[in-house]
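Listed below, chain by chain, are the residues.
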Amino acid sequence: MSTYRDFTLTHRGSARGTVLRTVGTRERRSLLTAPRVPTVGIDIGGTKVMAGVVDADGVILEKIRTETPDKSKSPKVVEDTIVELVLDLSDRHDVHAVGIGAAGWVDADRSRVLFAPHLAWRDEPLRDALQSRLAVPVMVDNDANTAAWAEWRFGAGRGEDHLVMITLGTGIGGAILEGGQVKRGRYGVAGEFGHMQVVPGGHRCPCGNRGCWEQYSSGNALVREARELAAADSPVAYNIIAKVGGNVSEITGPLITELAREGDAMCVELLQDIGQWLGVGIANLAAALDPSCFVIGGGVSAADDLLIGPARDAFRRHLTGRGYRPEARIAKAQLGPEAGMVGAADLARLVARRFRRATRRRVERYERYARLGLRDVPGATGPEEQDRQP
């Protein structure tokens with residue numbers, strides 16, 4: 001008997017098969033090896049959706065991506081995009097579970113996206129909506145949590161019992177891992193480090209407050225400072241002004257990093273400023289959480305030691321009890337932009353394992369009662385009623 005129901009979806013005018021078809025013998029045999037099965041991880045941001053099939057060793061077997069739909073004002077449009085990507089990958093791979101890393105707040109049950117700043121998700125029941133369409137277990141988590149999990153399992157955080165990840169992109173995301181578990185907090189929104197206040201009355205943040213950390217150490221902060229200098233026609237900005245032909249709006253974080261690597265003094269200084277603020281925030285987190293390792297990821301981390309070097313210096317200067325306590329290691333993330341996708345797939349594998357264990361228990365219970373000649377089997381419920389969370 002198959003534990004996953006077959007279904008048919010219409011896609012681009014043609015019938016599409018199920019994401020997963022299994023036969024009884026193969027399904028029963030795979031119960032003992034469920035953690036080794038391939039799963040799909042999906043990283044959803046404001047501009048792109050990346051999906052990939054990942055094996056149990058964190059190796060990406062195939063990866064595809066698309067732009068986040070322009071009509072993302074409707075949650076259904078993004079949901080349709082996710083389903084289409086999974087179906088595409090399932091044509092070539094035996095998909096056993098799907099993990100979603102979403103740029104937003106996810107509830108503690110990892111079923112609903114409470115709020116996504118770049119998408120129209122407000123208390124959106126994403127897990128159940130996708131699971132009903134894909135007919136495989138689905139896991140939803142914050143994208144920083146999934147990236148941290150990937151770095152802990154396969155990257156810069158391997159072997160660490162207490163790890164904090166900081167992702168520097170448009171803003172600042174974060175995650176906490178302790179003893180092999182992601183610490184999500186009572187309501188699921190722990191790790192929003194970017195909105196710690198570091199400068200009372202400082203720059204206004206889109207969150208509504210002033211002086212948030214991400215207003216001083218993020219991709220947005222880096223670009224804002226460069227554009228302000230260029231708009232003021234500062235002599236130190238002449239090089240970058242020439243690079244963009246006087247069009248200040250074309251100044252980007254990657255361009256600043258590129259010029260800094262070439263020795264442009266202004267760009268080097270801007271990255272140092274961002275790095276120093278990064279070190280201050282890390283020192284504050286060390287005082288509160290006392291981890292053994294900080295992993296720095298996100299697009300801005302591509303600046304390498306131009307950013308992380310100043311961060312380490314500022315961390316040592318601002319660390320509470322410096323000189324009398326062990327210092328946490330600060331390391332650059334190793335998995336790059338695929339970290340969120342890899343982590344989501346790996347977390348989904350745990351969901352698949354629990355799904356299979358629950359299915360095996362129901363099958364064994366059914367067979368036991370069948371041998372006794374009983375027709376009504378207690379607990380013989382569908383997969384949607386089992387505990388789907390790792």
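Residues numbered from 1 in each chain as written. Predicted model: local features only at pLDDT ≥ 70, side-chain atom pairs only at ≥ 80, totals over all residues. Heavy atoms only, no water.

Some details on the confidence of the model for the protein chain
Part 1 of the argument: Overall, the prediction assigns the protein chain a mean pLDDT of 82, with 80% of residues at 70 or greater.
Part 2 of the argument: A low-confidence stretch, residues 356-367 (pLDDT under 50), is modelled with 23 contacts involving residues beyond four sequence positions or located in other chains.
Part 3 of the argument: Long-range and interchain partners of residues 380-390, a stretch whose pLDDT sits below 50, account for 25 contacts in this model, where long-range means more than four residues apart. (pLDDT = per-residue confidence, 0-100. Contact = heavy atoms within 4.5 Å.)

Concerning the pairing of strand β6 (residues 98-102)
Part 1 of the argument: Counted residue by residue, β6 has 5 buried out of 5 residues, so it is predominantly covered.
Part 2 of the argument: Of the two faces of β6, the one holding Val-98, Ile-100 and Ala-102 and the one holding Gly-99 and Gly-101 are both buried throughout.
Part 3 of the argument: Across 5 bridges, the pairing between strand β3 (residues 39-44) and β6 is parallel. Bridge pairing in β6 links Ile-42 to Ile-100.
Part 4 of the argument: Here β6 runs beside strand β10 (residues 138-142); their pairing, made up of 5 bridges, is parallel. Its bridge partner lying in β10, Gly-99 is registered against Met-139. (Buried < 20%, exposed > 50% of the residue type's maximum accessible area, 1.4 Å probe, protein only. Helix = DSSP H or I, 4+ residues; strand = E, 2+ residues; numbered from the N terminus. Pairing = 2+ DSSP bridges.)

A word on the sheet that holds β6
Part 1 of the argument: Ordered in space as β5-β4-β3-β6-β10, the 5 strands form an open sheet in which the pairing is mixed. Looking along the sheet, the strands with just one partner apiece sit at the ends: β5 (60-67) and β10. Taken over all neighbouring pairs, the strand axes of this sheet differ in orientation by 15° on average, direction set aside.
Part 2 of the argument: Packing of helix α4 (residues 143-154) onto the sheet brings it into contact with β3, β6 and β10, and relative to β10 it is tilted by some 100°. (Axes fitted to C-alpha atoms, helices over the stretch in contact; angles between N-to-C directions.)

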